[in-house]
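A closer look at the structure
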Amino acid sequence: MHQIVRREEMANGNVILNEIEAPYIARKAKPGQFVILKADERGERIPLTMADTDPERGTITVIYKVVGKSTELFKSLKEGDSYQDAVGPLGQPTHLEKVGTVACVGGGTGIAVLYPITRGLKRAGNRVISIIGARTADRLFLEEEMRAVSDELFVCTDDGSRGHHGFVTEILKKVLEEETLSLVVAVGPVLMMKLISEMTRPRGVKTIVSLNPIMIDGTGMCGGCRVLVDGENRFACVDGPEFDGHKVDFDQLMQRLGAYQSEERKSSEAHRCRLER
Amino acid sequence: MAENEDLAEKEREKNRVAMPEQEPEERRRNFEEVPLGYTPEMAVAEASRCLQCKSPTCIEGCPVEIDIPAFIRLIKEEKFDEAIRKIWEKNRLPAICGRVCPQETQCEGRCLLAKKGRPIAIGNLERFAADSAREKGLKDLSPKPEPSGKRVAIVGSGPAGLTVAADLLARGHQVTIFEALHKPGGVLVYGIPEFRLPKEIVADEVESLEDQGAEIRCNTVIGRTITMDELFEEGYDAIFIGVGAGLPRFMNIPGENLVGILSANEYLTRANLMKAYQFPEYDTPMPKGKNVVVLGAGNVAMDSARTAMRLGADSVRIVYRRSRYEMPARAAEIHHAEEEGVEFLLLTNPTRFLGDDEGRVVGMECIRMELGEPDASGRRRPVPIQGSEFEIPCDLVIIAVGTGANPLLTRSTDGLELNRRGYIVADPETGETSIEGVWAGGDIVTGSATVIEAMGAGRRAARSIHERLTRDLQPSKSVED
């Protein structure tokens, strides 16, 4: 059992932070790696990239958006409650080294995944320009944390309620024109990562994206998370979750992410019915 | 003369006591176990057919060398408790083996009765003995051994790991089993469906190991959560690796990433480990298809096809590039699948998958095959017949064409010698690897094989580990059996 020692609601309760007891995982985890959580006996295994770890306290932090039955169930867990299962750290860590000036771009809950990577890149001695965005100001989070690990931070909202009125891609375009970037790290909605990869490709700026496809075991056994990278199938769970954005087939990834849409609706509805009863 | 022989054969055939089963019409839509088990009368009647050979050949066919004639004689004498104790001497997981061993190529394949008729139903009798003991709550009551003070880490809780654990516990060693998934049992839990091996049986076997003192740590991926080196640092005196060969193989043909095309590993893990066949009572969704195609013809393919049938498919087709004769599945599984309405499209190979605008699979293009000269496996090589392409509609495709070596642990362990296919190189007699103090066995050494072969490897490794642990300071590599 893995107790929740800290729980915060963000973005009007649409985004939840859980700090969870998991000493073995906390001891090993590096930025970019993920865990799989399962709430109870009947629960789904949900992969989540860690936003932070505290080896001394023996805890890991995940930040997730409530999108369906399983994340609704996660949300219902209070401080002091426990996840039945937590396994990790899984996947390859981010390759953190000094390369010069880097841009870290995060959208929505992708910011949670981006934060430890950004911090790692900063600590490695890079000049870090960060761009984070959300639909509205109240859906934005980790702004101060991101500011603390960036040399420059740009904030965008789709409705203009905070920072730049528009998308992260618009800011990145400017940065690409004004700076000589050695690396772009993009984490967020698949469409955002696709657009960013298309922007950086003609300029030859190396671009790393972090993917979160459907998976079961997280150890290379099911192949559900296979992603076409440079024309070859790679497993996001063991080869990823980070890949060269210029080589990922994002369109196929989007289609594969929608594989269980109708089942997910059914599951959420059944869950709500049970709650209402 | 020939007629007499025919008659005699029919007589023997008739005499083999068939195990009652759920009727195909009923069972093809439920997940309950198909064979229902022998009654004591049936078991005694079947046991009475055993010739009690002086030099029994059946034992040679058993990877763990159960004294088969002895336990069968005890069943015949209605000494059921003694029968199971006789089996336990060699096999701690008989309820499982009685159900999933390929007896026709092992013990039953060597039975003298098979020369003239149907061999004695060794698997059915083993299952009977194990089930009667389970029902009675009979436990292996061998006296607790003197603790040796040695600790062994077992990586993977499948058939190999469970066997090593049982054997080492019986010799007084302390064992910890590390399992990557959230439930112990490995392929017995994620791979083999409920209707073939009820999960309760696996849970019972695991529980009995825990009763004997085994510690089981789930959700622990060796190579990630804890490395092999750290296991030694934690003070384990030996490590056994039995992680299986869990890397799914794909066809590598166009359209394979369309939605609705899954590895059998994924399909069966959803159904068995995650209980997705009970969605939405369980939260993991199960992909459903009206027209299901399963590629491959091994046990995993049969399990997938029969699962799809139970989930309400209109049609389920096994597509296999060779002929019926080469199908690697157990005869009983092929027979069961057929009875349940699974169709077989033999000498057929897919060439590409067809999708709709949303990227979902809607069909498969195939080509007819014919058998040519024998290949390296000794089976006749299937050769495509030019111009024979045809399409079949399908909305769910399950790929069950085998697995490869999962590199997660092996890649993160320095000095572990692998063969060119990525499997661990281990001594076939002892299971010793290139690293001192590390043994390996099961599919991660041999490639995909059977439950009982993994258990046989576990048994041999346990023997070698025990000898090493009790002969501490001897550096000799060779261990006598």
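Quantities reported herein were computed from a predicted structural model and do not represent experimental measurements. (Residues numbered from 1 in each chain as written. Chains lettered and ligands numbered in written order. Predicted model: local features only at pLDDT ≥ 70, side-chain atom pairs only at ≥ 80, totals over all residues. Heavy atoms only, no water.)

1. Section: the overall build of chain A
For clarity, the threshold we go by: A run of H or I in DSSP becomes a helix once it reaches four residues, and a run of E becomes a strand once it reaches two; helices and strands are each numbered from the N terminus. As defined in this context, the radius of gyration uses C-alpha atoms, and a globule is described by 2.2 Å times the residue total to the power 0.38. The cut-offs for exposure are 20% and 50% of the maximum accessible area for each residue type, with area from a 1.4 Å probe on protein chains only; residues under the lower value are buried, those over the upper are exposed, and the others partly exposed. Whether two residues are in contact is decided by their heavy atoms: any pair within 4.5 Å suffices.
Across its full length, chain A carries eight helices and 17 strands. Taken over C-alpha atoms, the radius of gyration comes to 18 Å for chain A, in line with the 19 Å a tight globule of 277 residues would show. Dimensions along the principal axes, computed over C-alpha positions, put chain A at roughly 55 × 40 × 40 Å. Residue burial in chain A is summarised as follows: out of 277 residues, 57% are buried. Across chain A, contacts joining residues at least 24 apart in sequence account for 64% of those joining residues at least 6 apart.

2. Looking at the overall build of chain B
We count it as follows: Accessible surface is estimated by sampling points in the Shrake-Rupley manner with a 1.4 Å probe; for residues, cover comes only from the protein chains shown. Only four residue types enter the charge count: Lys and Arg as positive, Asp and Glu as negative, with His and the chain ends excluded. Working definition for charges: the position is that of NZ of Lys, CZ of Arg, CG of Asp or CD of Glu.
Along its length, chain B carries 19 helices and 16 strands. Expected size for 481 residues packed as a compact globule is a radius of gyration near 23 Å; at 23 Å, chain B falls within 12% of this value. Taking the principal axes of the C-alpha coordinates as reference, chain B spans close to 65 × 65 × 50 Å. Taken across its 481 residues, chain B has 59% of its residues classed as buried. Counting only contacts in chain B whose residues sit at least 6 apart along the sequence, the fraction spanning at least 24 positions is 68%. Counting every atom, chain B has about 20,300 Å² of accessible surface; 49% of that belongs to carbon and sulfur. Across chain B, 61 positive and 78 negative side-chain charges occur, with their mean positions spaced 2 Å apart.

3. Section: the sheet that holds strand S1 (residues 2-10) of chain A
Strand pairing in a sheet relies on backbone hydrogen bonds. The paired strands run either parallel or antiparallel. Residues and elements named next belong to chain A. Counted only if it meets this: In this scheme, strands are said to pair when DSSP sees at least two bridges between them.
Taken together, the five strands give an open sheet; going across it, the order is S5-S6-S2-S1-S7, and neighbouring strands pair in antiparallel fashion. The sheet is open, and its two edges are formed by strand S5 (52-54) and strand S7 (82-83), each paired on a single side. Two elements, S5 and strand S6 (residues 59-65), share three bridges in a ladder whose sense is antiparallel. Residue pairing in the sheet places Asp-52 in a bridge with Thr-61 of S6.

4. Some thoughts on the pattern of salt bridges
All names here are of chain A. The condition that has to hold: Salt bridges are defined by distance alone: a side-chain nitrogen of Lys or Arg within 4 Å of a carboxyl oxygen of Asp or Glu.
Throughout the structure, instances matching the rule amount to 49 salt bridges over all chains. One salt bridge in this structure joins Arg-162 and Glu-143, with 2.7 Å as the shortest N-O distance. Of this pair, Arg-162 sits in the loop between strand S11 (152-157) and strand S12 (164-165) while Glu-143 sits in helix H4 (residues 143-148), and the two are 19 residues apart along the sequence. You can call Arg-162 partly exposed: its relative accessible area is 38%.

5. Notes on the sheet that holds strand S13 (residues 183-187) of chain A
All names here are of chain A. The seven strands lie next to each other as S12-S11-S10-S9-S13-S14-S17, forming an open sheet whose pairing is mixed. Every other strand in the sheet has two partners, leaving S12 and strand S17 (242-244) as the edge strands with one partner each. Sheet topology note: the S13/strand S14 (residues 207-210) ladder contains three bridges and is parallel. Each bridged residue has a counterpart across the sheet, and for Val-185 the counterpart in S14 is Ile-208.

6. A short note on the packing of aromatic side chains
Residue and element names in this part refer to chain A. Heads up, the condition is: Only centres within 6.5 Å qualify two rings of Phe, Tyr or Trp (six-membered ring in Trp) as a pair; their planes then separate them into stacked at under 30 degrees, edge-to-face at over 60, and tilted for everything else.
In the structure shown here, the tally under the stated rule is seven aromatic pairs over all chains. A ring pair is formed by Tyr-64 and Phe-74, whose centres lie 5.7 Å apart and whose planes are at 80°; its orientation type is edge-to-face. Separated by ten residues along the polypeptide, Tyr-64 in strand S6 and Phe-74 in helix H2 (residues 69-75) bring together distant segments of the chain. Look at Tyr-64 and you get buried, because its relative accessible area is 1%. Phe-74 sits in the buried class, given a relative accessible area of 1%.

7. Details of a nonpolar patch on the surface
All names here are of chain A. Just so we agree on the cut-off: Within this analysis, patches are made of residues with over 30% relative accessible area and no salt bridge. Like charges are joined at 9 Å or less; nonpolar side chains (Val, Leu, Ile, Met, Phe, Trp, Tyr) at 5 Å or less.
A cluster of nonpolar side chains, Leu-191, Leu-195 and Met-254, forms an exposed patch at the surface whose accessible area comes to about 240 Å². Inspection of the secondary structure assignment puts Met-254 in helix H7 (residues 250-257). By relative accessible area, which is 31% here, Met-254 ends up partly exposed.

8. Points about unusual backbone geometry
When glycine is set aside, most residues are seen to have a negative phi, and most peptide bonds are trans. The amide bond that connects Gly240(A) to the next residue, Pro241(A), takes the cis arrangement and shows omega of 10°. The residue Pro241(A) is located in the loop between strand S16 (232-235) and S17 in this model. In the segment running from Phe279(B) into Pro280(B), the intervening peptide bond is cis, with an omega of 5°. Following the sequence through the fold, Pro280(B) ends up in the loop between helix H14 (264-273) and strand S7 (291-295). A positive phi angle, close to 55°, is found at Glu65(B), a residue other than glycine.

9. Concerning the nonpolar core
Rules: Grouping buried Ala, Val, Leu, Ile, Met, Phe, Trp, Tyr and Cys residues that are joined through side-chain atoms within 4.5 Å yields what is termed a nonpolar core.
Ranked by size, the top nonpolar core spans 78 residues in total, and within it Ile68(B), Phe71(B), Ile72(B), Ile75(B), Ile96(B), Leu125(B) and Ile465(B) carry the most contacts. Among the elements that take part in this core, helix H19 (residues 451-470) of chain B stands out by supplying eight residues, more than any other. Ile131(A), Phe235(A), Leu295(B) and Met364(B) belong to the second-largest nonpolar core, a separate cluster that totals 56 residues.

10. Notes on the domain arrangement of chain A
Residue and element names in this part refer to chain A. Rule in force here: Domain boundaries shown here were taken from an automatic or database domain assignment. Polar contact is defined as a pair of N or O atoms within 3.5 Å, subject to the rule that within protein one atom must be able to donate a hydrogen and the other to accept it, and that residues adjacent in sequence are counted only when both atoms are side-chain atoms.
If you check the domain split of chain A, you get domain 1 (2-90) and domain 2 (101-257). Facing 19 residues of domain 1, the contacting portion of domain 2 comprises 22 residues. At the surface where domain 1 touches domain 2, the tally comes to one salt bridge. A salt bridge links Arg-119 to Asp-52, with the nearest nitrogen and oxygen atoms 3.0 Å apart. At the surface where domain 1 touches domain 2, the tally comes to four residue pairs in polar contact (both at pLDDT 80 or more).

11. Focus: the confidence of the model for chain B
For clarity, the threshold we go by: A residue's pLDDT is simply how confident the predictor is in it, with values from 0 to 100.
A residue-level look at chain B finds 95% of positions with pLDDT of 70 or above and a mean pLDDT of 91. Across residues 473-481 of chain B the pLDDT falls below 50, and counting only partners more than four positions away or on other chains, this stretch makes 14 contacts in the model.

12. Things to note about the interface of chain A and chain B
Test applied: Summed over both partners, buried area is the accessible surface (1.4 Å probe) that two parts give up on being assembled.
The interface of chain A with chain B comprises 46 residues on the first partner and 47 residues on the second. Buried area between chain A and chain B, summed over both chains or domains, comes out near 3,900 Å², and the portion from carbon and sulfur atoms is 51%. Contact with chain B buries area across many residues of chain A, yet Arg42(A), Met221(A) and Tyr260(A) alone supply 18% of it, more than any other trio. Taken together, chain A and chain B are joined by three salt bridges.

13. Notes on the packing of helix H6 (residues 190-200) of chain A against H7(A)
Residues and elements named next belong to chain A. Going by this rule: All axes here are fitted lines through C-alpha atoms, helices being fitted over the stretch that makes contact, and every angle between N-to-C directions spans 0 to 180 degrees. An angle below 35 degrees is read as roughly parallel, one above 145 as roughly antiparallel, one from 65 to 115 as roughly perpendicular, and any other as oblique. Just so you know the grouping, Ala, Val, Leu, Ile, Met, Phe, Trp, Tyr, Cys and Pro go in nonpolar, Asp, Glu, Lys and Arg go in charged, and all remaining residues, Gly too, go in polar.
One way to put it is that H6 packs onto H7 with a least axis distance of 10 Å and a crossing angle of 180°. Compared by their axis directions, H6 and H7 come out roughly antiparallel. Taking contact as the criterion, the partners of Val-190, Leu-191, Met-193, Lys-194 and Ser-197 in H6 are, on H7, Phe-250, Asp-251, Leu-253, Met-254 and Leu-257. Classifying every residue of the contact of H6 with H7 gives seven nonpolar, one polar and two charged.

14. Some words on the environment of Leu17(A)
All names here are of chain A. As for its placement among the helices and strands, Leu-17 is situated in strand S2 (residues 15-21). Leu-17 gets classed as buried once you look at its relative accessible area, which sits at 5%. Taking the C-alpha atoms as reference points, Leu-17 and Lys-65, 48 residues apart in sequence, are found 9.1 Å from one another. Other than its neighbours up to four places away in sequence, Leu-17 contacts Arg-6, Arg-7, Glu-8, Met-10, Thr-61, Val-62 and Ile-63.

15. Quick look at the packing of helix H3 (residues 40-47) of chain B against helix H4 (residues 68-76) of chain B
All names here are of chain B. Applicable threshold: For any helix crossing, the convention is left-handed if the near helix is rotated counterclockwise from the far helix by under a right angle, and right-handed if that rotation is clockwise.
It is the contact of H3 with H4, at a shortest axis distance of 8 Å, that shows an interaxial angle of 130°. When the axes of H3 and H4 are compared, the pair comes out oblique. Where H3 crosses over H4, the two elements pack in a sense that is left-handed. In this structure, H3 contributes Ala-43, Val-44 and Ala-47 to the contact, and H4 contributes Ile-72, Ile-75 and Lys-76. Partitioned by chemical class, the residues of the contact of H3 with H4 number five nonpolar, no polar and one charged.

16. Focus on a positive patch on the surface
A grouping of Lys266(A), Arg29(B), Lys288(B) and Lys290(B) is seen on the molecular surface, where their side chains present a positively charged patch. The topology assignment puts Lys290(B) in the loop between H14 and S7. For Lys290(B), a relative accessible area of 48% translates into the label partly exposed.

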